[in-house]
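As a plain string of letters, each chain reads:
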Amino acid sequence: MAMEKTFNAAEAESRLYKAWEEAGCFKAGANAKPEASTYCIMIPPPNVTGVLHMGHAFNNTLQDILIRWKRMQGFDTLWQPGTDHAGIATQMVVERELANTQQPSRRELGREKFLEKVWEWKEKSGGTIVEQLKRLGASCDFSRTAFTMAGAQGDTRTGHENSPNFHDAVIKVFVEMYNKGLIYRGKRLVNWDPHFETAISDLEVENIEVAGHMWHFKYPLAGGATYTYVEKDEDGNVILEEERDYISIATTRPETMLGDGAVAVHPSDERYAPIVGKLCEIPVGPKEHRRLIPIITDEYPDKDFGSGAVKITGAHDFNDYQVAKRGGIPMYRLMDMRGQMRADGAPYDEAAGIAMAVAKGEQTLSENEADAINLVPEDLRGLDRFEARKLVVEQITSEGLAVMHTVTKTDPETGEDVEVLEPYVENKPIMQPFGDRSKVVIEPMLTDQWFVDAEKVVGPALDAVRNGDVKILPESGEKTYYHWLENIEPWCISRQLWWGHQIPVWYGPGNINKNDDGTLMLSYQPDDLVIFCASSSEEAIAKASEYYGFPVTEVADWKEADGLLGGDFTTGIWRDPDVLDTWFSSGLWPIGTLGWPEDTAEMQKYFPTSTLVTGQDILFFWVARMMMMQLAVVDQIPFDTVYLHGLVRDAKGKKMSKSTGNVVDPLEIIEEFGADALRFSSAAMAALGGVLKLDMERLKGYRNFGTKLWNAVNFAHFNNVYDETVPAFACPDAKAAVNQWIIGETAKVRVEVDAALEAYRFNDAANALYAFVWGKVCDWYIELSKPLFGSEDEAVIAETRQTLGWVLDQCMILLHPIMPFITEELWGNTAKREKMLVHAEWPTYGTELVNAEADAEMNWVITAIENIRSTRAQMHVPAGAKIPMVVTEFSDQARTAWEKNEAMIQKLARITSLEQVESFPKGCASVAAPGASFGLPLADVIDVDAEKARLEKTLGKLAKELGGLRGRLNNPKFAASAPEEVVAEARENLAAREEEEAKVKEALARLAEIG
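Here is what the cut-offs are and how they apply
For every chain, the first residue of the written sequence is number 1, and numbering continues from 1 onward in sequence order. Only residues with pLDDT of at least 70 are given local features in this predicted model, and only at 80 or more are side-chain atom pairs given and counted; all residues enter the totals for whole chains, interfaces and linings. In computing side-chain properties, one takes all heavy atoms of the structure into account and sets aside hydrogens as well as water. A helix here means a DSSP run of H or I that spans at least four residues, while a strand means a run of E at least two residues long, and both kinds are numbered starting from the N terminus. Burial here depends on accessible area, computed with a 1.4 Å probe over protein chains only, as a share of the maximum for the residue type. Under 20% is buried, over 50% is exposed, and the range in between is partly exposed. By definition in these notes, contact holds between two residues if any of their heavy atoms fall within 4.5 Å. Note on method: axes are straight lines fitted to C-alpha atoms, helices fitted across the in-contact stretch only, with angles between N-to-C directions ranging 0 to 180 degrees. These descriptions rest on fixed angle ranges, namely under 35 degrees for roughly parallel, over 145 for roughly antiparallel, 65 to 115 for roughly perpendicular, and the rest for oblique. By definition, any crossing whose near helix is turned counterclockwise from its far helix by less than a right angle is left-handed, and any crossing with a clockwise turn is right-handed. For this classification, the nonpolar set comprises Ala, Val, Leu, Ile, Met, Phe, Trp, Tyr, Cys and Pro, the charged set comprises Asp, Glu, Lys and Arg, and every other residue, Gly included, is treated as polar. DSSP bridges decide pairing: two strands pair if at least two such bridges lie between them. To count toward a patch, a residue needs a relative accessible area over 30% and no salt bridge; like charges are then connected within 9 Å, while nonpolar side chains (Val, Leu, Ile, Met, Phe, Trp, Tyr) are connected within 5 Å. Areas reported here follow the Shrake-Rupley algorithm with a probe of radius 1.4 Å; residue values treat only the protein chains shown as occluding. We count a salt bridge whenever a side-chain nitrogen from Lys or Arg sits within 4 Å of a carboxyl oxygen from Asp or Glu. In this charge count, Lys and Arg are treated as positive and Asp and Glu as negative; neither His nor the chain ends contribute. Charge positions are represented by NZ for Lys, CZ for Arg, CG for Asp and CD for Glu. Side-chain atoms alone can form a polar contact between residues adjacent in sequence; in general such a contact is a pair of N or O atoms within 3.5 Å, and within protein one must be able to donate a hydrogen while the other accepts it. The definition of a nonpolar core used throughout is a set of buried Ala, Val, Leu, Ile, Met, Phe, Trp, Tyr and Cys residues joined through side-chain atoms within 4.5 Å.

Participant: Before we move on, could you go through the overall build of the chain and cite the residues and values that matter?
Facilitator: Check the secondary structure of the chain and you find 31 helices and 36 strands. The principal-axis extents of the C-alpha atoms in the chain amount to approximately 120 × 85 × 55 Å. When each of the 1011 residues of the chain is scored for burial, the buried share is 52%. Within the chain, contacts between residues separated by at least 24 positions form 76% of all contacts whose residues are at least 6 apart in sequence.

Now the structure itself:
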C-alpha cells in the first residue's frame, strides 16, 4: 500500500474526522465491551458566542485524550458536548448586530421580538465553536449537543432534536429550591454594570490598576464640638497634639459621600475615643440641610492607614456594606441603573430631613424605605457619577473643608522656593473594577436580587470532598475549594437581561382591604407584594386565584394590575422580568444534559459522571456550584474526579492578552502545524499544577515527531513489512536480541503510559511516548534492525518484519489518544484492518514481555554507542572519520555483548576495530560503558591546541554572561520589582548557561587528559 512522502494534515484531518462521524465512532457506547463500566465526561460548555481559543484547545485536548483512551479500553463512554447560552455576551452580540444593520434596537423591538432575533442569530452563528472543536479532533457525541436554553420559549432548534429540554430542568429546580426555602429575594450589594444595566458575577469583573486620587476631607463635629487629637509614635511619645472640631477621612470616591451612613474608627484607636458616639456633618450638600451621621467603632478600619477613620457608604462599597449590616446603619443608594446620580423621588430637603431623623434615632427605615430616599442634592441629580465627583470636590474645597497640607513650590516671579497650603490629594494607583465585556467601571450597587441561600446547601458539597467521594487535582485545588465553601456568601442568581431563563416568579398586590363602596384597596409597595413561584403562568394564575379568592389575570406590571381593580373583585399578577444567571443553569449541566427531570436511560447509565476537566479559575463559580446543586436536587455527586488546570501562557510564562500582542490562535496553529502537533504540545505541558507555557519551537518539534513516525512506517514499507504475505501483527515470539529488546521496551512504555493517564499526568504520558517512539523505535530500533533486514536468514528477516510491524502498530495505538489524525491515517495505510484505529483494542500486556538478558545486552550496546558518539562530538572529531578503539577493562558480560553486536556497534559508532591493551596510549580520550573502559586515540585525529583555544574562548564568553545573570538575580531590587516571568526567564537562562559551562569544562578536562 503506497504512502505519500509526508503526512498532509490539511487534507487528511477533515477527511478522517468525517469518516469517524459517519461511522458513528463517537456515539455514546461506541466500541463498548459487553457489561462494560461507564466513563462519562461533561464538556465545560463554551459560550454560544465563543470561538476556539488556546484555553479551549488545551482543555478539550485533555478531555479527548481521556475519552479516546477509555473508548479504546472498551468502556461505555460518553463525552457530552454542548454550549452555554451566555446571557450577557449573546445579548451584546445581537444588540451590536442590530445596530450595525440599522434595525430597531432591543427596547424598540420589545422583549418577545428581540428574543426572536436572538434565536435567529443562534441558529445562524451559534454553532461556530462546535465546528472548531471538530477541527481539534474532539470526539464528542455531537449528535447529543446540548444547549442551556433548549426548550425555552421561542426555541427554533433545527438539527438539535436530541438535545434535552434543558429549560424544563432549570425552571423545575428553581421552583423546588424556592419551595424548600433555599432561594429568596433580597436587597444586597452586587457588581453592577451600568452599560448593560445588570448585576454581573465576580468572574465578569476585571480589576485593573489605574491612576487614581485619594482626597482628604474634614467632617465637622455637630454643634461645633471639639476634642483633643493626640498622635503618638511607636514608643508612645506624643508627636502631635491639637484641638480639632472635625474628623478627617480619605476617599477615592467623593461622590459617594452623599450616601454616608456613619464614620467608623477601630475600637482600640485612642485618637478618636473622645468622639465615638457623637455626630459629625457630611461636608457636602446645601448648608441648611447638612446631614449628621454617627461616629461608630468597628473592626474594619485600619488604624495605621490614612487617618484611621473610614466613611461608611453601605450602598456603594462591599466592605462598607458589611459594616453597615453589622451596625444597623441605613444604606442610601445614590445612583440609578445607568451609573448616573439619581433624579427620582422627593426633593432633597425632604429626603435629608428623614435621614437626619434616622441619624438622631428618631425614626427607623426598612431596607426598601431607605432605598427609596434620594439624598442627591438637586444640583447634582441626573449627572454622570464622574462629573458629580468633580463638583463634589469643588464644593467641599471652596468651603474650606478639604484637609490642607504644606507643599514647596517655586514662585514664578522670584524663582524662589516658597511653602504654600494646598488641599491634600494623593496621586496614587488604585485598583478599578471594569466589566469584562462593557469595559465600563463597575458600580457596587444595592439592588433587589434573587439569591441561593448557599449556607443551606454547602454542607454536602464540602463533605463529598472531605470524605473522598470526589477527588480534586491538584491538591491545592482542594484547599481553595474548602476556603471558598467554608466562607460562602449568598449566591446572586438574577440578571437584568432579556436573554436567559426568565425567573418563574409572579408578583401580586398585598394588604387587601375593601373601600366603603365595596371596591378593593390593594398595596403595591415592594414590602407588601405577594410572591407566586410556579413552573408556568397557568400554574401561577391558579395559585394567585386561590390566594385572593377571586379571578386573576396575567398583566405586564403593577400599574396594569392596579387598573383592573373594581367592584367585580379582580386583579392581575405580573412576572419578574429578570433572568437567571448562566452559572445557575450551567450548575445543572451534568443532569440537565442527560435529560433530567425525565428518568432517561442516559441518566440511569452515565450519572454520576466520571471526570471533569476544567480551569482552576472556575472552581468556585462552576465546579462547586455543580456540586451543591446536584446534591441538593438529586442527592448525588455529579462526578468523582475534578482535574484543574491553569491558564495557557506564552513561552515566557506571560498571560496572553491582545494588549501585549501575544495571543496565539489555535486555528492558525492547526493550519501551520496540524492538530496533532497542537494536541501533543498541550499534553506535554500539562504537568499537574504546573505553569502552562505554549512554545512555538516545541510545536515545530512535535510536528517533526509526527514526521519521524511517518518515516519509520515508510521504512517498514520499504522492507516489505506490510506485504500481504506477512501474517497479522500479533506480538511475535522473537529470537533475536534486538527484537526481544524492542518488544520489552514497548511493554514498558505501555505500562508507563497507562500509569500516567490514570494519575492525570498527561505530560508524563506524552514524554514517555516521545522518548519511546523517537528514541527507542525510530532512532535505535530502526538502525539496529537494518543488519537483520540485510541478513541471509529468511527466518530472521520474517521475525524482524513481524516485530517492526507489531511495534509500529503499538506506536499508533498508544499515540492515538494524543495524536489521532496521523495515527489513524497510518493505520489505514499499512494493512487491512478489521476496524478503524479509533476503536482498536487498547493493549494490556506488561512487563512479562521483557526479556531480561536481551534487555541488558541491548541497553549495554546502546549505552556504549551513545557514549562513543558523545565523546566524538565533545572532542570535535570529524563526523565522517572512522577510528580504532582500545579497551583496558572488559567484564565477561560486556565482552559477550560486544562480540554479539560488534558489526552493529562499529557501523553506528564509526569504529574500525577494537584492541585490548594494558593501558591507554598518550592522546587517548576515555569512554565509559558498564563493565568496560574504552579509549579513543585522538592525538593524530584532532588539533588539541586549537580545540583547547576554542573551548577556552567559549568559557570566557560564558563567564561574562554568567556574571551578568548572577548579578541581576542576586540584586534584591531586581527580584522585588521585575515581573515574575522576567525573573523566571533569568533563572532559566542562568541554569542553561551553567549547564553549558559544565560541558565545556568537562571537554577541557578530556583534552587535558589527551595532552
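Next comes the rest of the description.
Participant: Outline the packing of helix H25 (residues 794-815) against helix H26 (residues 820-830), supporting the account with residue identities and numerical values.
Facilitator: When two helices pack together, you describe them by how their axes are tilted relative to each other and by the distance separating the axes. Put simply, H25 and H26 touch, their axes get as near as 9 Å, and they point 150° apart. Comparing the axis directions of H25 and H26 gives the class roughly antiparallel. Where H25 crosses over H26, the two elements pack in a sense that is left-handed. Residues Asp809, Met812, Ile813 and Leu815 of H25 form the contact with H26, whose participating residues are Thr823, Leu826, Trp827 and Thr830. Among the residues forming the contact of H25 with H26, the class breakdown is five nonpolar, two polar and one charged.

Participant: Could you give an account of the sheet that holds strand E5 (residues 183-193), with specific residues and numbers?
Facilitator: With respect to topology, four strands assemble into an open sheet ordered E6-E5-E18-E20, the strand pairing being antiparallel. Here the strands that pair on one side only, and so sit at the sheet edges, are strand E6 (198-200) and strand E20 (491-492). Each of E5 and strand E18 (443-452) touches helix H8 (residues 318-327); the most contacted strand, E5, lies at about 145° to it.

Participant: Give a detailed account of the pairing of strand E35 (residues 924-929), specifying residues and quantitative values.
Facilitator: The pairing of E35 with strand E36 (residues 932-937) spans six bridges and is antiparallel. Across the sheet, the residue bridging to Ala928 is Ser933, located in E36. From the end of E35 to the start of E36, which pair antiparallel, there are two residues, and Gly931 there has a positive phi angle of about 75°.

Participant: If you had to explain a negative patch on the surface to someone new, which residues and values would you point to?
Facilitator: Together, Glu288, Asp349, Glu350, Glu378 and Asp379 make up a region of like negative charge exposed at the surface. Inspection of the secondary structure assignment puts Glu288 in the loop between strand E12 (279-281) and strand E13 (292-297).

Participant: Summarise the side chain of Arg625; cite the residues concerned and give the values.
Facilitator: On the secondary structure map, Arg625 appears in helix H19 (residues 619-633). No salt bridge is formed by the buried Arg625. Its closest oppositely charged neighbour is Asp581, at 4.6 Å. Of the polar contacts made by the side chain of Arg625, one reaches the backbone oxygen of Phe621; its length is 3.5 Å.

Participant: Pulling in residues and values, what's your account of the nonpolar core?
Facilitator: Burial of nonpolar side chains together is a common tendency in soluble globular proteins. Residues Phe174, Tyr481, Phe584, Leu808, Trp860 and Phe934 are the most contacted members of the largest nonpolar core, which totals 232 residues. Ranked by the residues each element gives to this core, the list is headed by helix H24 (residues 762-789), at 15 residues. Setting aside chain neighbours within four positions, we find Trp860 in contact with Phe890, Ala894, Ala897, Trp898, Ile905, Ala929, Pro930, Ala932 and Phe934. By size, the runner-up hydrophobic cluster in this structure holds 44 residues, among which are Phe217, Ala309, Ile373 and Ala402.

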